[in-house]
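Breakdown of the fold
Given next are the chains, with one letter for each unit.
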Amino acid sequence: ETGVTQTPRHLVMGMTNKKSLKCEQHLGHNAMYWYKQSAKKPLELMFVYSLEERVENNSVPSRFSPECPNSSHLFLHLHTLQPEDSALYLCASSRGQAGTEAFFGQGTRLTVV
Amino acid sequence: TQLLEQSPQFLSIQEGENLTVYCNSSSVFSSLQWYRQEPGEGPVLLVTVVTGGEVKKLKRLTFQFGDARKDSSLHITAAQPGDTGLYLCAGGSSYKLIFGSGTRLLVRP
């Protein structure tokens, strides 16, 4: 058990659908992250939340909308996605201080059709 | 922009062989971490190095942080099929981690 749980594990959605990815951490961490992992690309940092405030948005298109209602939960709301958005979406948490280790969930494999 | 370059990108070796994976950057990092990721799973932390010149050992894995804290290496002795996976280095910067592109290792029985 990693302490970071993501649901669903797999998601297939049409380009006109709206769906949400959920992440929950049980580690008492202060920071939570969304990463995108595509084939042949390094892990791309999408969003960072520290103490429930968004501290970074790495030029992510507005069709991805994060939400952090409390320090244990993180959502990624998806709407009108494109096929190129198909990827593994990983949630992670950390203590939030410089250089601290990240603990990852198992990811959501998203396919946009 | 801080970037981490990993080499080689792919490595296929026979069980029992030794190997070294490299992680290089032009930037200084406060710490450097190594993760291993298996298909369909998230990365799992192996080790964190924080001091220039630091060497850490984890069974058959030896991790080294460069003196200038810009590069790192991972050496595996007598590789086993269970070592197969994607190895990622990550540099700590402020509140976030910058990931390298990864080295995909296949250890053949």
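Placed above this text is the structure.
Residues numbered from 1 in each chain as written. Chains lettered and ligands numbered in written order. Predicted model: local features only at pLDDT ≥ 70, side-chain atom pairs only at ≥ 80, totals over all residues. Heavy atoms only, no water.

**Focus: the sheet that holds strand E8 (residues 71-76) of chain B**
Residue and element names in this part refer to chain B.
- Read across the open sheet, the five strands follow the order E1-E3-E8-E7-E6; overall the sheet is antiparallel. Strands at the two margins of the open sheet, each flanked by one partner only, are strand E1 (5-7) and strand E6 (55-58). On average, adjacent strands in this sheet sit at an angle of 15° to one another, irrespective of strand direction.
- Bridge count between E1 and strand E3 (residues 19-24): three bridges; the pairing is antiparallel. Note on E3: the bridge partner recorded for Gln6 is Cys23. (Pairing = 2+ DSSP bridges. Helix = DSSP H or I, 4+ residues; strand = E, 2+ residues; numbered from the N terminus. Axes fitted to C-alpha atoms, helices over the stretch in contact; angles between N-to-C directions.)

**Some thoughts on the packing of aromatic side chains**
- Evaluation of the coordinates by the stated rule reveals seven aromatic pairs over all chains.
- Centroid distance A:Phe104 to B:Phe99: 5.8 Å. Interplanar angle 70°. Geometry classified as edge-to-face. Highlighted residues: A:Phe104 in strand E10 (residues 103-104) and B:Phe99 in strand E10 (residues 96-99), drawn from two different chains.
- Take A:Phe104: its relative accessible area is 3%, and that puts it in the buried class.
- Given the relative accessible area of 5%, B:Phe99 is considered buried.
- Look at B:Tyr35 and B:Phe99: their rings are 5.5 Å apart centre to centre, the planes differ by 50°, and that puts the pair in the tilted class. A residue pair is termed long-range when its members are at least 10 positions apart, and B:Tyr35 in strand E4 (residues 31-37) and B:Phe99 in strand E10 qualify at 64 residues.
- Site record: aromatic cluster; members linked through ring pairs are A:Tyr33, A:Tyr35, A:Phe104, B:Tyr35 and B:Phe99. (Phe/Tyr/Trp six-rings, centres within 6.5 Å; stacked < 30°, edge-to-face > 60°. Buried < 20%, exposed > 50% of the residue type's maximum accessible area, 1.4 Å probe, protein only.)

**Observations concerning the interface of chain A and chain B**
- Taken together, the 22 residues of chain A in the interface contact 21 residues of chain B.
- Summed over the shared surface of chain A and chain B, the result is one salt bridge.
- The partner of B:Glu41 in a salt bridge is A:Arg9, with the nearest N and O atoms 4.0 Å apart.
- Taken together, the connections running from chain A to chain B amount to six residue pairs in polar contact (both at pLDDT 80 or more).
- Looking at the side of chain A that touches chain B, the elements that each hand over two or more residues are strand E4 (31-37), strand E5 (44-50), strand E6 (53-57) and strand E9 (87-94) of chain A.
- Split by residue class, the side of chain A that touches chain B holds 12 nonpolar, seven polar and three charged. (Contact = heavy atoms within 4.5 Å. Salt bridge = Lys/Arg side-chain N within 4 Å of Asp/Glu carboxyl O. Polar contact = N/O pair within 3.5 Å; in protein donor to acceptor, adjacent residues only side chain to side chain. Nonpolar A, V, L, I, M, F, W, Y, C, P; charged D, E, K, R; others polar.)

**Digging into the sheet that holds strand E7 (residues 64-70) of chain A**
Residue and element names in this part refer to chain A.
- Taken in spatial order, the four strands of this open sheet run E1-E3-E8-E7, and their pairing is antiparallel. Taken across any chain shown, the strands that pair with only one partner, and hence form the sheet edges, are strand E1 (4-7) and E7. The sheet shows a mean angle of 20° between the axes of neighbouring strands, taken without regard to direction.
- Direction of pairing for E7 relative to strand E8 (residues 73-79): antiparallel, over a ladder of five bridges. Residue pairing across strands places Phe64 opposite Leu78, the latter belonging to E8.

**Remarks on the nonpolar core**
- Ranked by internal contacts, the top residues of the largest apolar core, which has 22 residues, are A:Trp34, A:Phe64, A:Leu76 and A:Leu78.
- If you list the elements that add at least two residues to this core, you get strand E2 (10-13), strand E3 (18-25), E4, E5, E7, E8, E9 and strand E11 (108-112) of chain A.
- Beyond its immediate stretch of four places on either side in the chain, A:Leu78 contacts A:Leu11, A:Met13, A:Asn17, A:Lys18, A:Lys19, A:Leu21, A:Arg63, A:Phe64 and A:Leu110.
- Of all hydrophobic cores here, the second largest spans 21 residues; its members include B:Leu19, B:Phe29, B:Leu61 and B:Phe63. (Core = buried A, V, L, I, M, F, W, Y, C linked by side-chain atoms within 4.5 Å.)

**Brief notes about the pairing of strand E9 (residues 85-93) of chain B**
Residues and elements named next belong to chain B.
- Burial runs high along E9: nine of the nine residues are buried.
- Relative to E9, E4 is paired through seven bridges, and the arrangement is antiparallel. When the sheet's bridge partners are listed, Trp34 is paired in E9 with Cys89.
- Across four bridges, the pairing between E9 and E10 is antiparallel. Residue pairing in the sheet places Gly91 in a bridge with Ile98 of E10.

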